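Structural overview
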Amino acid sequence: MKTLDRYILKEMLAPFMVSIFAFIVLLIGRVIYDNLDFIVGKRVPLVLVLRLVAFQLPWVIGIVLPLATLFATSLSINRLGRDSEITAIRMTGTPLRRIFLPILAVGFATSLVAFWFSETVTPWANREAQRIVRMIWGLQNAPLIQDNVFFNSENYYFYVQKVERPSPTQVILRNVMVYETPVVGGYPMLMTASWATNKDNLWTLHDGVLRKIGPDGFTEYEAKFREVCLNLKRPFSDFWESQYTPEEMSFRDLRRQVALFAQTGRQANEMQVNLHFKLSIPFSCLIFALCAAPLSLKFARSGSYSGILLGIIIMFLYQNNIWLGKALGIGGMVHPVLAGWSQNIIFGLIGIYLIWREE
């Protein structure tokens, strides 16, 4: 490693570590605040609260790593540019892209760490955190069934997009997909229903389509139905213990579910959009490094606070781009790939253009 690389990495180290600590404290505070009502209302023991916070920590780290990369890049380049050190380095004939290389390497390495967390640690920790929340809510009569969840029972796999509760004892499930795994030598069955109800162990699917899938993956038989009943061994109240939201699934697991339910012929935009965000958000670390470095250099003469302000502005614009992409992708107005990656494409191109202009 050259002296230049070590010097720039050393400059990034302090703001990177301070940013990680600061954002972890802020986001852990948000976790506690979001659950404060039932923590106080149900007088949850302190040990259970600490367990909930501990299991939410991997999710927090997944958010903190891109932000730490952003602010470390902004503050370090701002300081080097403000003191004319980058100008001095460039006068030796070193191109700007070479100066930024260690910063981009940090962004790429941090992206890999964030993706590893999102694939291995975070889904398991989110499931444990939700289990604690369900344990706290377990005294209620109506189970805490969530929107946009997956679960299974016997040889059936279920996906529920929306849950409605007209009364404390009644639950209506909207846009339900059911996949029946085949017996040996048989073919899988797929059922999609506009809505479903449950009484005891009996599921009733309404206004749907039944499909039999052949060995080549194409539909061999298709028929509409007004009502179909499934009599399961497990009671409805047990399903909330095994339901998985996209946040509780890895990229691989969610991709498997998307491929599974794509055979129904229905649009699964929300699942596909969530799938692409699972990959694009961890790699925002690299995008933040690429975009923030030339911008921080451009405004370095504005003062030391410009690095912090620039980081806040980029974070705000990037987050709003995510919200817009999700809304357009789920609504079917743009392709799920574009919805999930638009923020990285836009900010990445801005960074490349600014570096090219500065060169």
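A word on the packing of aromatic side chains. Within this structure, the stated rule accounts for eight aromatic pairs. Ring geometry for F115 and F251: centres 6.5 Å apart, planes at 65°, overall edge-to-face. With a gap of 136 residues between them, F115 in helix 6 (residues 101-137) and F251 in helix 7 (residues 251-262) connect regions that are remote in the sequence. When its relative accessible area of 15% is taken as the criterion, F251 is described as buried. Linked through ring pairs, F115, F251 and F283 together constitute an aromatic cluster.

Take helix 10 (residues 305-330) next. Given a rise of 1.5 Å per residue, 26 residues ought to cover 38 Å, and the 38 Å separating the end C-alpha atoms of helix 10 matches this to within 8%. Restricting attention to buried positions, one finds in helix 10 the residues S306, G307, L310, G311, I314, Y318, N321, I322, G325 and G329. Buried residues along helix 10 sit against helix 3 (46-82), helix 8 (269-280), helix 9 (284-298) and helix 11 (336-358). One or two positions beyond helix 10, positive phi appears at G332, with a value near 80°.

Let us look at the environment of S19. With respect to the element layout, S19 can be found in helix 1 (residues 3-34). Linking S19 and V64, residues 45 residues apart in sequence, is a C-alpha distance of 8.0 Å. If sequence neighbours within four positions are ignored, S19 has contacts with V64, A68 and F71.

Averaged over every residue, the pLDDT of the protein is 79; residues scoring 70 or more account for 80%. Across residues 139-144, confidence stays below pLDDT 50; counting only partners more than four residues off in sequence or on other chains, it has 11 contacts.

What counts and how
Residues numbered from 1 in each chain as written. Predicted model: local features only at pLDDT ≥ 70, side-chain atom pairs only at ≥ 80, totals over all residues. Heavy atoms only, no water. Phe/Tyr/Trp six-rings, centres within 6.5 Å; stacked < 30°, edge-to-face > 60°. Helix = DSSP H or I, 4+ residues; strand = E, 2+ residues; numbered from the N terminus. Buried < 20%, exposed > 50% of the residue type's maximum accessible area, 1.4 Å probe, protein only. Expected span 1.5 Å × (residues − 1). Contact = heavy atoms within 4.5 Å. pLDDT = per-residue confidence, 0-100.

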